[in-house]
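Overview (structure and organization)
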Amino acid sequence: MNEEVRLTAWVRGRVQRVGFRWFTRARALEIGGLSGFALNLDDGRVQVVAEGPHGECQQLLDWLHGDDTPGRVDGVTEIWDTPRGGYDGFAIR
């Protein structure tokens, strides 16, 4: 089943000032079918919101957990929800 979902992930570690948001957007565009954004938070984390088919969101989450990200990811917390819409592509905020 590849239903439409919303993934919100908070990535902690050394993920700011290393191109993390740019690479997250590039990975989302490479996967395809995703809309949303990547945003630096004041506490040093990066928030990633992605909407699209469950399989594609899972691919992005797997990448966030993997060793191929810039910087250093110490952990990822995620929430799955129903999509809200309103995104035009995948943005860096």
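Now for a description of the structure that goes with this document. (Residues numbered from 1 in each chain as written. Predicted model: local features only at pLDDT ≥ 70, side-chain atom pairs only at ≥ 80, totals over all residues. Heavy atoms only, no water.)

A look at helix α2 (residues 54-65)
Using the following cut-off: Strands are runs of DSSP state E lasting at least two residues, helices are runs of H or I lasting at least four, and both sets are numbered from the N terminus onward. To estimate how far a helix should extend, the number of its residues minus one is multiplied by 1.5 Å. In this description, contact between two residues means that some pair of their heavy atoms is separated by no more than 4.5 Å.
For α2, which comprises twelve residues, the first-to-last C-alpha distance of 16 Å matches the rise-based estimate of 16 Å (1.5 Å per residue) to within 8%. The inward-facing, buried residues of α2 contact β1 (4-14), α1 (20-31), β3 (46-53), β4 (72-81) and β5 (90-92).

Considering the environment of His 65
Worth spelling out the cut-off: For the exposure calls, accessible area comes from a 1.4 Å probe over protein chains only, and a residue counts as buried if that area is under 20% of its type's maximum, exposed if over 50%, partly exposed in between.
As for its position among the elements, His 65 is in helix α2. You can call His 65 partly exposed: its relative accessible area is 44%. Each C-alpha atom, one on His 65 and one on Trp 80, is 16 Å from the other, the two residues being 15 residues apart in sequence. Leaving out residues up to four positions away in the same chain, His 65 has contacts with Val 76 and Glu 78.

Concerning the environment of Ala 28
Turning to its location among the elements, Ala 28 is positioned in helix α1. Taking C-alpha positions, Ala 28 is 7.2 Å from Phe 90, a pair spaced 62 residues apart along the chain. When residues no more than four places from it in sequence are discounted, the contact partners of Ala 28 are Leu 34, Leu 60 and Phe 90.

A few points about the pairing of β1
Inclusion rule: By definition, two strands form a pair when at least two bridges between them are found by DSSP.
Across eight bridges, β1 lies against β3 in antiparallel orientation. In the strand pairing of β3, Glu 4 is matched with Pro 53. Here nine bridges tie β1 to β4, and the two strands are oriented antiparallel to one another. When the sheet's bridge partners are listed, Ala 9 is paired in β4 with Glu 78.

Things to note about the sheet that holds strand β2 (residues 35-40)
Condition: All axes here are fitted lines through C-alpha atoms, helices being fitted over the stretch that makes contact, and every angle between N-to-C directions spans 0 to 180 degrees.
A sheet is described by the order of its strands in space; here five strands give the open sequence β4-β1-β3-β2-β5, paired in mixed fashion. Two strands bound the open sheet, and with one partner strand each, they are β4 and β5. On average, each strand axis in the sheet is inclined to that of its neighbour by 15°, with strand direction left out of account. Across the sheet, α1 is in contact with β1, β2, β3, β4 and β5; its angle to β5 comes to roughly 170°. Running over the sheet, α2 touches β1, β3, β4 and β5 and is turned about 155° from β3.

All quantities given are derived from atomic positions and should not be read as evidence of function.
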